Amino acid sequence: MPEISRFYGIIIKMLFNDNDKHHKPHVHVYYGEYEASICLDGEVLEGKLPLKQYRMVSGWMAIHEEELYAAWNNAVRQIPFEKIEPLR
């Protein structure tokens, strides 16, 4: 699963052709023992994260919304996508 960004111990990945289970554009977020699938609009599809980390991811996703949708469009067509600048 290609990593799209990493910051403050949070790892964000996006799968190629990952629209079978969750049809909405989303990312997979990992933080310690926590895992969640989060839509690009901020909805948690599956799993959970601590509130502080969810807010960081949600803010990062709002800042990079256009880049994330471009990456999603590439991923569903199995085209490599660029990493996105981490939250600083």
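Residues numbered from 1 in each chain as written. Predicted model: local features only at pLDDT ≥ 70, side-chain atom pairs only at ≥ 80, totals over all residues. Heavy atoms only, no water.

**What to know about a negative patch on the surface**
Residues Asp41, Glu65, Glu66 and Glu67 make up a contiguous surface patch of negative charge. Its location among the elements puts Glu65 in helix α2 (residues 65-76). With a relative accessible area of 43%, Glu65 lands in the partly exposed category. (Patch = residues over 30% accessible without salt bridge, like charges linked within 9 Å, V, L, I, M, F, W, Y side chains within 5 Å. Areas by Shrake-Rupley, 256 points an atom, 1.4 Å probe, with all protein chains shown as cover. Salt bridge = Lys/Arg side-chain N within 4 Å of Asp/Glu carboxyl O. Lys, Arg positive; Asp, Glu negative; His and termini not counted. Charge placed at Lys NZ, Arg CZ, Asp CG, Glu CD. Helix = DSSP H or I, 4+ residues; strand = E, 2+ residues; numbered from the N terminus. Buried < 20%, exposed > 50% of the residue type's maximum accessible area, 1.4 Å probe, protein only.)

**Focus on the confidence of the model for the protein chain**
Confidence in the prediction for the protein chain averages 92 pLDDT; 94% of positions are at 70 or higher. Of all the helices and strands in the protein chain, α2 carries the lowest mean pLDDT, 93, while strand β2 (residues 10-13) carries the highest, 98. (pLDDT = per-residue confidence, 0-100.)

**Describing the nonpolar core**
Core analysis: the largest hydrophobic core is formed by 21 residues, its most contacted members being Ile4, Ile12, Met14 and Leu68. Elements represented by at least two residues in this core include exactly β1 (3-7), β2, β3 (26-31), β4 (34-39), α1 (51-63) and α2. What Leu68 contacts, discounting residues up to four positions off in sequence, is Ile4, Met14, Val27, Leu40, Trp60, Met61 and Ile84. (Core = buried A, V, L, I, M, F, W, Y, C linked by side-chain atoms within 4.5 Å. Contact = heavy atoms within 4.5 Å.)

**Some thoughts on the pattern of salt bridges**
Under the counting rule described, the total for this entry stands at 4 salt bridges. Put simply, Glu3 and Lys83 hold a salt bridge, and the shortest N to O gap is 3.6 Å. In this pair, Glu3 sits in strand β1 while Lys83 sits in the segment after α2, placing the two residues 80 residues apart along the sequence. Note that Glu43 is salt-bridged to Lys24, the shortest N-O span being 2.4 Å. Highlighted residues: Glu43 in the loop between β4 and β5 (44-48) and Lys24 in the loop between β2 and β3, separated in sequence by 19 residues. Using a relative accessible area of 35% as the deciding quantity, one classes Glu43 as partly exposed. Overall, the relative accessible area of 37% leaves Lys24 in the partly exposed class. Connected through shared salt-bridge partners, Glu3, Arg6 and Lys83 make up one network.

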